[in-house]
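Coordinate inspection notes
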Amino acid sequence: MGMTRTPQFYDFIAKGLTDYGYTNLTQYLNDMFAEKYNADKTYEQMGFPLNPSLPIRPTFEQIEVNVRTYTMATHVDIDSDGPTKSTDGIALKMGQLPIWKHEFTIGRKELREQMYLADRIGSATPEIVDVAMEQLFITTDSLLGGNYNTMLYNRHQIVSNGGKLVINAQNSHLGIPLELDFGVPSKNKKIEAWYTKNASTGAITEKTGITPIKTMKNVRRDAEQKDNAPQGHWEVSKTTWDDIMELDYFRKQYALAKRPDIESDTNRLAWAETIEDSEIKSYIESRIGAKIVVVDHVGYIEKFNTTTKKMEYVNCPSFVEGVMVYVPDGAIGDTQFGRPIYMETPGARTALYDGGRTLIRQVFNDENMIQVIKSEFTGLPVPNKTRWMYYLTVKG
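Residues numbered from 1 in each chain as written. Predicted model: local features only at pLDDT ≥ 70, side-chain atom pairs only at ≥ 80, totals over all residues. Heavy atoms only, no water.

**Quick notes on the overall build of the protein**
- The number of helices and strands found in the protein is 10 helices and 17 strands.
- By the burial criterion, 43% of the 396 residues in the protein qualify as buried. (Helix = DSSP H or I, 4+ residues; strand = E, 2+ residues; numbered from the N terminus. Buried < 20%, exposed > 50% of the residue type's maximum accessible area, 1.4 Å probe, protein only.)

Written out as structure tokens, the structure reads:
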């Protein structure tokens, strides 16, 4: 007659946490991933620093932020009060924060083999525990990394898509559609085609009579002089930037500035073609008075291919192609989260990460002898300087 095994016997991760010196899963996550997935640092670099509030009711609030200029005092008589300054901020939009979830089965094949092995020898050896902990690390790393990629994708979509976040079958085929418009003024959107692109071959055809440097200088100047916008920079996708670098216009301008002794456009272009793109970029930045940030980020989703009957990765470019965006330096919004709501149950081990913003659950399935790691968070990057975001569509 075989010995009956309790669920605790197969809980190799519980033994691993203890053997590795951790009292709970939260402590393990914070120790393993604090440097790799640092929420404060990551979201600040995105220009959307963490909002410290963690409301139980997961709503977001878009507060328009003003840059406080040092306005001059008013001359009054000794018995009168001075004029009250305007309030810095006005609520533009409120809404429900979206929920984001995904999960992994902990190495089903590997874990089952270790469970069968433990069953045969009557105990979990250190080697068996190490396999389980390695699977925990791999799956949790994938989930946390996916969470950060989700928020970075959302950030780039909002910034490059006219202040809109659109979640649909193209970028989340198994999820619920979502569309949020954070309200960029229509006057901030300009179309000036510098080139066209063949959809089949990718060949670039430059438009005649274009003046990109003048246009970008005008956008910055008007933002500062007409809208009182702070110093900013341009953002553009890597695909679009690579296309822009194929335009003769910029290299001819560079040659005129650096080699005025070259007489013909043909010879100027031939010489400028020998110059590295990075040098051309620095020249453009000096002319337009602003940095250009090239965004090289691609999100990925998993999708079932009905033809091959296999799961495949589908890339989702996060920054809209063919557009350049002028935005203020520094923070242009904040990242808002809701507090995870959960229950402690006998069939699951729970942990919180990102300062209590991300819920990680290890769920046991005794019937199938598998364990699942689930991730859940409620959050969104919320822009608060949309009136100072300027769009230039350059692809015709």
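Having seen it, we continue.
**Quick look at the confidence of the model for the protein**
- Mean pLDDT for the protein: 85, with 84% of residues reaching 70 or above.
- A low-confidence stretch, residues 67-71 (pLDDT under 50), is modelled with 7 contacts involving residues beyond four sequence positions or located in other chains.
- Across residues 84-91, where pLDDT falls below 50, the model places 16 contacts with residues more than four positions away in sequence or in other chains. (pLDDT = per-residue confidence, 0-100. Contact = heavy atoms within 4.5 Å.)

**Describing the pairing of strand β16 (residues 370-383)**
- With 12 of 14 residues buried, β16 lies mostly within the body of the structure.
- Across 7 bridges, strand β3 (residues 99-105) lies against β16 in antiparallel orientation. Of the residues in β16, the one forming a bridge with E103 is K374.
- Judged from the 5 bridges that link them, strand β13 (residues 333-337) and β16 form a sheet pairing that is antiparallel. Across the sheet, residue Q336 finds its bridge partner in β16, namely L380.
- Bridge analysis of strand β15 (residues 358-365) against β16 gives 8 bridges, and the strand direction is antiparallel. Note that in β16 the partner of N365 across the bridge is I370. (Pairing = 2+ DSSP bridges.)

**A look at the nonpolar core**
- In terms of nonpolar packing, the biggest core is built from 40 residues, with L25, Y28, L29 and L380 touching the most fellow members.
- Listed by contribution, the elements that provide at least two residues to this core are α1 (12-19), α2 (25-33), α3 (39-45), α5 (126-160), β4 (164-167), β14 (348-353) and β16.
- Of the residues forming this core, the biggest block, 10 residues, is contributed by α5.
- Here L25 is in contact with L17, L136, R349, T350, A351 and I360, once residues within four sequence places are set aside.
- One finds W194, Y195, I204 and W234 within the second-largest nonpolar core, a separate group that totals 31 residues. (Core = buried A, V, L, I, M, F, W, Y, C linked by side-chain atoms within 4.5 Å.)

**Comments concerning the pattern of salt bridges**
- Summed over all chains, the structure comprises 18 salt bridges.
- The residue R259 makes a salt bridge to D261 at a minimum N-O spacing of 2.8 Å.
- Judged by its relative accessible area of 29%, R259 is partly exposed.
- The salt bridge partner of R268 is D265, with a shortest N-O separation of 2.7 Å. Taken together, the positions of R268 and D265, both in helix α9 (residues 265-272) and 3 residues apart, correspond to about one turn of that helix.
- A relative accessible area of 12% means that R268 is categorised as buried.
- What emerges from the salt-bridge pattern is a single network uniting K197, D243, E321 and K395. (Salt bridge = Lys/Arg side-chain N within 4 Å of Asp/Glu carboxyl O.)

**Regarding the packing of aromatic side chains**
- In total, this model carries 13 aromatic pairs according to the counting rule given.
- A ring pair is formed by Y22 and Y28, whose centres lie 5.4 Å apart and whose planes are at 90°; its orientation type is edge-to-face.
- With centroids separated by 5.0 Å and ring planes inclined at 80°, the aromatic side chains of Y249 and F250 adopt a geometry described as edge-to-face. Taken as a pair, Y249 and F250 share a single burial class, namely buried.
- Put simply, the rings of F33, Y37, Y43, F137, Y148, F337 and F377 pair up and form one aromatic cluster.
- For R259, the ring lying beneath its charged end belongs to W271, and the centroid distance is 5.5 Å. (Phe/Tyr/Trp six-rings, centres within 6.5 Å; stacked < 30°, edge-to-face > 60°. Lys NZ or Arg CZ within 6 Å of the ring centre and 35° of its normal.)

**Points about a nonpolar patch on the surface**
- Where nonpolar side chains cluster on the molecular surface, the patch consists of M32, F137 and I138 and spans about 230 Å² of accessible area.
- Relative to the assigned elements, M32 resides in helix α2. (Patch = residues over 30% accessible without salt bridge, like charges linked within 9 Å, V, L, I, M, F, W, Y side chains within 5 Å. Areas by Shrake-Rupley, 256 points an atom, 1.4 Å probe, with all protein chains shown as cover.)

**Considering the packing of α1 against α5**
- In contact at an axis separation of 9 Å, α1 and α5 are set at 95° when each is read in the N-to-C sense. When the interaxial angle is binned, α1 and α5 end up roughly perpendicular. Contact with α1, carried on its side by F12, I13, K15, G16, L17 and D19, involves I128, V129, A132, M133 and L136 of α5 and no other residues of that element.
- Residue composition of the contact of α1 with α5, by class: 8 nonpolar, 1 polar and 2 charged. (Axes fitted to C-alpha atoms, helices over the stretch in contact; angles between N-to-C directions. Parallel < 35°, antiparallel > 145°, perpendicular 65-115°, else oblique. Nonpolar A, V, L, I, M, F, W, Y, C, P; charged D, E, K, R; others polar.)

**Observations regarding the side chain of N188**
- Position of N188 among the secondary structure elements: in the loop between β5 (178-181) and β6 (189-197).
- Of note is the side chain of N188, whose polar atom sits 3.0 Å from the backbone oxygen of R387.
- Other than its neighbours up to four places away in sequence, N188 contacts D227, T386, R387, W388, M389, Y390 and Y391. (Polar contact = N/O pair within 3.5 Å; in protein donor to acceptor, adjacent residues only side chain to side chain.)

**Overview of helix α8 (residues 248-258)**
- Among the residues of α8, Y249, F250, R251, Y254 and A255 are the ones counted as buried.
- Turning to α8, the residues buried within the fold contact β6, β7 (204-206), α6 (212-226), α7 (238-244), α9 and α10 (277-288).

**Comments concerning the environment of D31**
- Tracing the chain through its elements places D31 in helix α2.
- For D31, a relative accessible area of 49% puts it in the partly exposed group.
- Polar side-chain contacts of D31 include one of 2.4 Å to the side chain of Y22.

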